[in-house]
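# Structural overview for review
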Amino acid sequence: MTREIEAAANIPVVQIATIVPIMLTVGANRIVPGVAIPHPVGNPAAGPEEDQAVRRNLLLRAFTAMTTPVTEQTLF
Amino acid sequence: MTYRIVHYTNQFFAGLGGEEKADLRPLVRPGAVGPALGLEQALGGEAVVVATVICGDNYMAENLTSATEEVLAMIREHTPDAVTAGPAFNAGRYGTACGAVLEKAAAVLKVPVVSGMYPENPGVELYGRNVVLVKTGDSARGMKDALAKMAEVTRKLLRKESLGPAKESGLLPRGIRRNVLHEKNGAERAVEMLLARLQQQTFATEYPMPTFRRISPAPPVGDLRRATIALVSSGGVVPKGNPDRIRVSSAESYGAYDISALTDLTPENYESIHGGYDRVWANVDPDVVIPLDVMRALEREGAYGKLHPVLYTTTGTGTSVAHAERFGREIGAALREAGVDAVILTST
């Protein structure tokens with residue numbers, strides 16, 4: 001899905017998920033490793049403050065990924 | 001002699017629990033447990049399953065390298081003549097786990113390794129070159145056939161018999177090419193293929209291309225402060241009540257929802273219907289899967305231009321590659337039409 005959105009729209013698609021080898025296999029170009037399979041963009045067990053901080057950090061990394069020129073599959 | 005086999009399986013097939021037990025750490029049970037029982041039966045006394053190693057799918061996926069080592073140590077203790085795993089059908093995490101364990105076991109213990117997977121399982125692409133994989137159906141409905149084929153292949157490998165070409169022996173190809181004498185040369189065969197194709201007859205390539213295509217990365221966003229960003233997810237988070245009845249697994253559709261009035265996903269407005277992970281946290285706060293709350297905060301702070309008013313969402317478990325690619329093409333076309341500059345796609 002990531003790859004086909006990027007191909008159809010010609011815009012950067014940053015994928016955030018936990019299993020990096022699968023993202024590499026299916027062809028995601030900009031990858032941000034997530035926290036855990038059931039909560040990729042949060043750490044709810046650590047309490048609301050830490051949860052929000054983790055989410056903010058991942059999104060800022062996604063912003064870096066989408067504004068960075070890349071020529072091959074890249075982890076941010 | 002009776003050969004010794006150690007089998008690897010996950011928490012689900014071992015009968016220890018579902019997603020709520022997916023964090024289970026590796027443990028070993030004597031003898032055959034779960035699918036290993038059927039495998040042992042199909043081996044007809046020529047081999048016994050001396051132990052079954054069990055590990056939760058999430059524990060394995062989240063600690064792949066260290067968990068593989070832990071599992072390997074347990075396998076090694078039982079000095080197997082062959083190691084088997086699965087079959088994983090179309091379960092992505094389980095297929096990845098089976099592949100990682102068997103690839104390591106083959107490399108370190110130098111014994112035959114066999115599993116079974118559906119051709120689209122990501123474990124095939126990741127490990128299919130180093131692990132002998134029986135081609136299975138996409139769900140556990142095919143368990144009996146899969147175990148019979150795995151037993152047959154394991155028996156052949158233990159006896160050091162040749163497996164023959166993958167296509168003929170029900171295996172997924174490992175990319176091994178053997179020299180054979182053919183009565184026709186390559187040029188003749190290529191022309192025959194071309195003619196067959198022109199006449200719209202079936203033909204089999206001698207060198208198949210990889211299933212997953214790669215694309216060149218799109219150019220980056222120029223000015224983030226003016227950029228419109230869209231959220232897309234395969235994490236199964238949908239408006240409460242799942243109005244479009246998106247399937248909990250093997251989805252054949254996605255939803256497009258107006259989020260322009262929302263600043264936070266809560267158990268009152270959204271929920272996870274995903275059938276492939278433990279939904280407890282996602283249903284306490286769906287923002288841990290689709291990060292709407294912090295995206296709104298960053299929008300207010302001016303960290304980027306604006307959030308696209310439409311959220312695209314589906315369930316990514318057991319979903320066929322063909323459907324997922326179609327969702328991507330359709331969503332991509334809609335985003336281009338809407339002038340969106342970038343996407344953040346979250347997956348579980």
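In what follows, the structure referred to is the one given above.
Presented here is an overview of the structure given in this document. This one's a predicted model, so the numbers in the text were calculated from it and none came from an experiment.

### Section: the packing of aromatic side chains
Residue and element names in this part refer to chain B.
- The full count for this structure, using the stated rule, is six aromatic pairs over all chains.
- An angle of 45° between the planes, with centres 6.5 Å apart, marks the rings of phenylalanine 13 and phenylalanine 89 as tilted. Here phenylalanine 89 lies in the loop between strand 4 (82-85) and helix 4 (92-109) and phenylalanine 13 lies in the loop between strand 1 (3-10) and strand 2 (27-30), a separation of 76 residues in the sequence.
- Phenylalanine 13 gets classed as buried once you look at its relative accessible area, which sits at 18%.
- Owing to a relative accessible area of 3%, phenylalanine 89 belongs among the buried residues under this scheme.
- One aromatic cluster in this structure is built from Phe12, Phe13, Phe89 and Tyr94.

### Details of the nonpolar core
- Core analysis: the largest hydrophobic core is formed by 56 residues, its most contacted members being Tyr8(B), Met60(B), Val71(B), Ile75(B), Val83(B) and Val153(B).
- Excluding residues within four positions of it along the chain, Ile75(B) makes contact with Val6(B), Val53(B), Pro80(B), Val83(B), Val101(B) and Leu109(B).
- In this structure, Val32(A), Ile229(B), Leu292(B) and Ile344(B) belong to the second largest nonpolar core, which totals 44 residues.

### Overview of the pairing of strand 2 (residues 30-33) of chain A
Residue and element names in this part refer to chain A.
- Judged from the four bridges that link them, strand 1 (residues 13-17) and strand 2 form a sheet pairing that is parallel. If you follow glutamine 15 over to strand 2, its bridge partner there is isoleucine 31.
- In terms of handedness, the path from strand 1 via helix 2 (residues 20-26) over to strand 2 forms a crossover that is right-handed.
- With two bridges joining them, strand 2 and strand 3 (residues 74-75) adopt parallel strand pairing.

### Examining the interface of chain A and chain B
- The interface is formed by 52 residues belonging to chain A together with 61 residues belonging to chain B.
- In this structure, the salt-bridge partner of Glu325(B) is Arg3(A), at a minimum N-O distance of 3.1 Å.
- Our enumeration of links across chain A and chain B arrives at 19 residue pairs in polar contact (both at pLDDT 80 or more).
- Where the side of chain A that touches chain B is concerned, the elements lending two or more residues are helix 1 (2-9), strand 1, helix 2 and helix 3 (48-66) of chain A.
- It is helix 3 of chain A that provides the largest number of residues to the side of chain A that touches chain B, a total of nine residues.
- For the side of chain A that touches chain B, a count of residues per class yields 30 nonpolar, 14 polar and eight charged.
- Bridge count between strand 1 of chain A and strand 13 (residues 342-346) of chain B: four bridges; the pairing is parallel. Its bridge partner lying in strand 13 of chain B, Gln15(A) is registered against Leu345(B).

Conventions we followed
- Residues numbered from 1 in each chain as written.
- Chains lettered and ligands numbered in written order.
- Predicted model: local features only at pLDDT ≥ 70, side-chain atom pairs only at ≥ 80, totals over all residues.
- Heavy atoms only, no water.
- Phe/Tyr/Trp six-rings, centres within 6.5 Å; stacked < 30°, edge-to-face > 60°.
- Helix = DSSP H or I, 4+ residues; strand = E, 2+ residues; numbered from the N terminus.
- Buried < 20%, exposed > 50% of the residue type's maximum accessible area, 1.4 Å probe, protein only.
- Core = buried A, V, L, I, M, F, W, Y, C linked by side-chain atoms within 4.5 Å.
- Contact = heavy atoms within 4.5 Å.
- Pairing = 2+ DSSP bridges.
- Right-handed = clockwise from strand over helix to strand, strands pointing away.
- Salt bridge = Lys/Arg side-chain N within 4 Å of Asp/Glu carboxyl O.
- Polar contact = N/O pair within 3.5 Å; in protein donor to acceptor, adjacent residues only side chain to side chain.
- Nonpolar A, V, L, I, M, F, W, Y, C, P; charged D, E, K, R; others polar.

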